[in-house]
Amino acid sequence: MKSNKTLILLGVLFLACCILFHKVIFDDYLFLTQDSISAKSVKHGMELSTERFDEYPTWMPWMFGGLPSTHSMQNISEYYFPHHFISLIKVIGLPWFWNYLLHFLFCGVGMYLLLRKLRLEFLPSLFGSISFMIMPWMTTMIVHGHGSQVMTASYIPWAMWALIKLKQESNIRCISILALIIGLQLQRAHVQIAYYTWILMGLYIIYDIILNYTSKNDIDLKFLTKWVIASCIGFCMSLWIYIPLLNYAPYSKRSISDGGATFEYATAWSLHPYESLTMLLPSSFGFGELSYFGYMPMTNFPNYSGIIVILLATLAFYNNSNKIKYFLLSILILSLVISFGKYTFFYGLLYDWFPYFNKFRVPSMILILFQFSISILAAIGLGNLINKVKVGNNSIFKIACYCSGIILFLAIYRYFYYDFSLSKIQHPMINKYRLEMIGNDLLLVFTFLTTTIVITYYCLKGKIQANVLASACVLISFIDLYLVNNQIINPNKKFTYNQDMPIKNISYLNNQFKPDDIINFLEQDKTKYRVFSASVNPLRPEHNNNRLMAFNIESINGYHPAKLSIFESFNSIDLFNRFKMLNVKYIIFFEKIPNQHNLSLVKSGSYYSDLTYRNAYIYEYLEFEPRVQFLEEINSIRSREDGYKLLNESLFDINKNSFISTNDLERSPELSFSPLSEVAIKEYSPNKIIITTDTKGIDEGQHFVLLSEIFFPYGWEINGADNLEIIEVNNLYPLRLQP
């Protein structure tokens, strides 16, 4: 019987995923949005470089002028143990989406085991498993290219299952299981989701301590000690990822303000308390893209939990002895308050005082814990409803009716009282569509709630069995979540930017990696240079693309969620001075520009950008500076701010105006320079640069060799003589003292 239930569980979970994702599972389609195409381009470029140089590139010179790969957690799937087994799906010819499908199933099974550990029956456990596995948050992340979030989140129920198992059994086997789960989740390397999982486990430890205190029992120090041991072992499983990350963190964009991301940047995607209505009514603030009229800069989805899920979660608190509900309620409330971000003082306290919390952005991401908690509460509520209905308890039916009435009232209120003024996009057609969506929510709320209440009523009257009620709740909830998820997967084309339509034929991805006119021209130039690409009127750098990286063409554009802070600060510099500093030789524009004395049109042709072929124009920057050169003079500055002022001067000359800090200058030897000296790059690979020099000048001095690569103290080492040294120059890149 147990094996039959396992087969039913796996079959139902697989069927749910197939219904939702059938097109990308069985056809030549894939989810291809801006974020996903960016990540795929990075992966393609890393594989190309590995094949070309026969080593994995620990430095990526192809975006932002260069940044470390492993340190910045870029393309590190090889460090995730299960990846080596999952990669076998390529051997048998399955689409790579099966990687994500396996993690969805893994998530569902983990949630089921957790609910069974909480002593729930099969159908309530199945309900909670499906509710968490296909919640709109999970679907959105996989659709819009954030697969690592989904894969990391899939370990959350497993971590709680293993933690509760450790509490109940407390043996070496349980320690090993918990350590393995913690380690694998950390290896999957979405730090923010893993961080929230540790918060969840830590709060469970606190809950256990409080429970022991209120029950007048001794604190379970053995459980606490074994959890610490398991956590340490799990963390050690991922040290090869997190030691480089901890070294990188102080130098990333996420540490630009007092060791962390700026508060404004970190809290940009805060959930306004009023917008939490989307958990109940998905279209109450539009449905992402052009229809969205909420408080965030933009979004692709509502943070919807499900009508039936919320209704059943309220029933978990009626005459139910399972004390875990109080822990789940505290997680639900805490995660909701934290998701409010800048709209509450509490987030500011965590930002200022909680370790590493200020490294993270998107406060609403913590709603993964809200969805996790409410899915469990809903499963408990369904189990409670079934048990009460079996004994003819009418009170829980009345509570369900009251809660349904409140939900229906909120839906009616939202339909008649709406405000589209928050949206930057005001158009009669869009506003009409927004109101239609709210009206559709009202209709669905009424339909789902009425159906559930009617089935519950007939079950109370003995007309249908309790298992039929439970199965109906599973089915109705799935339909409810499917309708919202389907809108995420297949948004209305009239109100979505064409490039943001998430599901596309695989040919779009193939075109991303095919050379075109522009790529062919750039690949013909074998010198060391970088590229800048932008649209004009107004000038807007091309971002979130990383296409040039796919061909190992070096660029100062790109997308990375945690780029080096010195590069981010460098964006305030005069554009042409940036070109000089960053060895930019070619600029790609998507329309012709008026004549410029320092730009010359050298090529026009077809260029694949934003998943479409466009006309593009390559201009050569005539004041191009070489990748490596000797400096004629070196100056000093007292602060980085003084350096940025110098770099913004229109007549800035790299050879004569370059600078280092006052401290570095005081310990530096006398500068020697001769126009007869020669310096060149003999050999170049992402991990190694060989520079040859032929220096002339006085014996007492040293030549300053300027290398246009981004400075990173944990990435650059130098050898070739005893008295060589690397110094940061111009607030940006390394300079070498050459004897």
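Residues numbered from 1 in each chain as written. Predicted model: local features only at pLDDT ≥ 70, side-chain atom pairs only at ≥ 80, totals over all residues. Heavy atoms only, no water.

### Some details on the overall build of the protein chain
Operational definition: Counting from the N terminus, the helices are the DSSP runs of H or I reaching at least four residues and the strands are the DSSP runs of E reaching at least two. As a reference, a globule follows 2.2 Å times the number of residues to the power 0.38, and the radius of gyration itself is taken over C-alpha atoms. Working definition: with a 1.4 Å probe on protein chains only, accessible area under 20% of the residue-type maximum means buried, over 50% means exposed, and in between means partly exposed.
A count of helical and extended segments in the protein chain gives 29 helices and 17 strands. The C-alpha radius of gyration of the protein chain comes to 29 Å, within 12% of the 27 Å expected for a compact globule of 739 residues. For the protein chain, the C-alpha atoms occupy an extent of roughly 100 × 65 × 50 Å along the three principal directions. The burial tally for the protein chain puts 57% of its 739 residues in the buried class.

### Let's talk about the sheet that holds strand 8 (residues 599–609)
Cut-off, in case you're wondering: If DSSP finds at least two bridges between two strands, the strands pair.
Taken together, five strands build an open sheet; the order of strands is 6-5-7-9-8 and the sheet is mixed. Edge positions in the open sheet fall to strand 6 (540–541) and strand 8, since each of these has one partner strand only. In this sheet, strand 9 (residues 612–621) lies alongside strand 7 (residues 584–589) in antiparallel orientation, the contact comprising four bridges. Its bridge partner being in strand 9, Phe589 is matched across the sheet by Tyr617.

### So, the side chain of Arg547
To keep it simple, the criterion reads: The definition of a polar contact used here is a pair of N or O atoms within 3.5 Å, where within protein one atom must be able to donate a hydrogen and the other to accept one, and adjacent residues in sequence count solely through side-chain atom pairs.
Structurally, the position occupied by Arg547 is in helix 24 (residues 547–550). A polar side-chain atom of Arg547 sits 2.7 Å from the main-chain carbonyl oxygen of Lys514.

### Section: the pairing of strand 9
Bridging between strand 8 and strand 9 involves 10 bridges; their strand directions are antiparallel. Bridging across to strand 9, Ser604 finds its partner in Tyr617.

### What to know about the pairing of strand 14 (residues 688–694)
For a regular strand, the rule is simple: side chains alternate between the two faces of the sheet. Judged from the seven bridges that link them, strand 13 (residues 678–685) and strand 14 form a sheet pairing that is antiparallel. When the sheet's bridge partners are listed, Val679 is paired in strand 14 with Thr693. Connecting strand 13 to the antiparallel partner strand 14 that follows it, the hairpin turn spans two residues.

### Notes on the confidence of the model for the protein chain
We apply this condition: The predictor attaches a confidence to each residue, called pLDDT, with possible values from 0 through 100.
This prediction gives the protein chain a mean pLDDT of 89; 96% of its residues lie at or above 70. Within the protein chain, no element has a lower average pLDDT than strand 17 (residues 733–738), which sits at 54, and none a higher one than helix 6 (residues 122–133), at 97.

### Looking at the pattern of salt bridges
Rules: What makes a salt bridge here is a side-chain nitrogen of Lys or Arg within 4 Å of a carboxyl oxygen of Asp or Glu, nothing more.
Per the stated rule, a full pass over the model turns up 16 salt bridges. Two residues, Lys167 and Asp220, come together in a salt bridge whose shortest N-O distance is 3.0 Å. Of this pair, Lys167 sits in helix 9 (residues 156–169) while Asp220 is found in the loop between helix 11 (191–214) and helix 12 (221–236), placing the two residues 53 residues apart along the sequence. Residue classification places Lys167 among the partly exposed positions, given a relative accessible area of 22%. A cluster of three or more residues bridged by salt bridges with shared partners is formed by Lys528, Arg530, Glu554, Arg627 and Glu709.

### Thoughts on the nonpolar core
What counts is decided by this rule: Throughout, nonpolar core names a set of buried Ala, Val, Leu, Ile, Met, Phe, Trp, Tyr and Cys residues whose side chains join them through atoms within 4.5 Å.
Core analysis: the biggest nonpolar cluster contains 169 residues, and Phe21, Trp137 and Ile368 have the highest contact counts within it. With 15 residues, the single largest contributor to this core is helix 18 (residues 367–390).

### Some points on the packing of aromatic side chains
For any pair of aromatic rings, the description consists of the separation of the ring centres together with the inter-plane angle of the planes. Here is the rule: In this scheme Phe, Tyr and Trp rings, the latter by its six-membered ring, pair at centre separations within 6.5 Å, and the angle between planes marks the pair as stacked below 30 degrees, edge-to-face above 60, and tilted otherwise. In this scheme, the term charge over a ring applies when either NZ of a lysine or CZ of an arginine sits within 6 Å of the ring centre and within 35 degrees of the ring normal.
Enumeration over the complete set of coordinates arrives at 50 aromatic pairs. Ring geometry for Phe64 versus Phe567: centroids 5.3 Å apart, planes at 55°, classification tilted. Remark: Phe567 occurs in helix 25 (residues 565–570) and Phe64 occurs in the loop between strand 2 (59–60) and strand 3 (67–68); sequence separation between them is 503 residues. Of the two residues examined, Phe64 and Phe567, each falls in the buried class. Taken together, the ring pairs in this structure connect Tyr195, Phe263, Tyr347, Tyr351, Phe354, Phe357 and Phe360 into an aromatic cluster. The ring of Phe420 has Arg434 sitting right over it, with the charged end atom 5.7 Å from the ring centre.

### Observations regarding the packing of helix 5 (residues 97–117) against helix 18
Under the convention used in this document: Where helices are involved, their axes are fitted lines through C-alpha atoms of the stretch in contact, as for all axes, and angles between N-to-C directions lie from 0 to 180°. In what follows, roughly perpendicular refers to angles from 65 to 115 degrees, roughly parallel to angles under 35, roughly antiparallel to angles over 145, and oblique to any angle outside these ranges. For any pair of crossing helices, the crossing counts as left-handed if the nearer helix is rotated counterclockwise from the farther one by less than a right angle, and right-handed if it is rotated clockwise. Any two residues having at least one pair of non-hydrogen atoms within 4.5 Å are treated as being in contact. The nonpolar class holds Ala, Val, Leu, Ile, Met, Phe, Trp, Tyr, Cys and Pro. Asp, Glu, Lys and Arg form the charged class, and all remaining residues, Gly among them, are polar.
Across the interface, helix 5 lies against helix 18 with an axial gap of 11 Å and an inter-helix angle of 50°. Relative to helix 18, the element helix 5 lies oblique. Considering only the axes of helix 5 and helix 18, their crossing is right-handed. Between helix 5 and helix 18, the contacting residues are Met111, Leu114 and Leu115 on the first element and Phe372, Ser375, Ile376 and Ala379 on the second. Looking at side-chain class alone, the contact of helix 5 with helix 18 contains six nonpolar, one polar and no charged residues.

### Things to note about the side chain of Gln149
The residue Gln149 is located in helix 8 (residues 147–153) in this model. Polar contacts involving the side chain of Gln149 include one to the side chain of His190, which spans 3.4 Å. Residues within four places of Gln149 in sequence aside, it is in contact with Trp137, Met141, His190, Ile193 and Met365.

### Observations regarding the state of the cysteines
Quick reminder of the rule: Cysteine sulfur atoms are paired as a disulfide whenever they fall within 2.5 Å.
In the structure shown here, the tally under the stated rule is zero disulfides. Cys107 carries a free sulfur, and the closest cysteine sulfur to it, the one in Cys17, is 9.2 Å from it. In this structure Cys107 comes out as buried when scored by relative accessible area, which is 0%. Lacking any disulfide linkage, Cys473 is separated from the closest cysteine sulfur, that of Cys459, by 9.4 Å.

### As for helix 16 (residues 324–339)
This is how the line gets drawn: A helix is expected to reach a length of 1.5 Å times the quantity of its residues less one. Note that the arc is defined by the directions from the helix axis to the C-beta atoms.
Taking 1.5 Å per residue, 16 residues should reach 22 Å; helix 16 reaches 23 Å between its end C-alpha atoms and fits that length. Of the residues making up helix 16, those classed as buried are Ile324, Lys325, Phe327, Leu328, Ile331, Leu332, Ser335, Leu336, Ile338 and Ser339. Viewed end-on, helix 16 has its buried residues packed into an arc of 165°, placing them on one side of the element. Against the buried residues of helix 16 lie helix 9, helix 11, helix 17 (345–353) and helix 18. In the segment just after helix 16, Gly341 is the residue with positive phi, at about 55°.

### Some points on the environment of Ser404
Relative to the helices and strands, Ser404 resides in helix 19 (residues 394–416). Classification of Ser404 as buried rests on a relative accessible area of 7%. As a C-alpha pair, Ser404 and Leu311 span 93 residues in sequence and 6.9 Å in three-dimensional space. With near-sequence residues (within four places) excluded, Ser404 lies in contact with Leu311, Leu449 and Ile453. Within polar-contact distance, the side chain of Ser404 engages the backbone oxygen of Ala400 at 2.8 Å.

### Observations regarding helix 9
Helix length check: helix 9, at 14 residues, gives a terminal C-alpha distance of 20 Å against a target of 20 Å (1.5 Å per residue), a fit within 8%. Within helix 9, the full set of buried residues consists of Ile156, Pro157, Trp158, Ala159, Met160, Trp161, Ala162, Leu163, Ile164, Lys165 and Leu166. Just downstream of helix 9 lies Ser170, where phi reads positive at about 55°.

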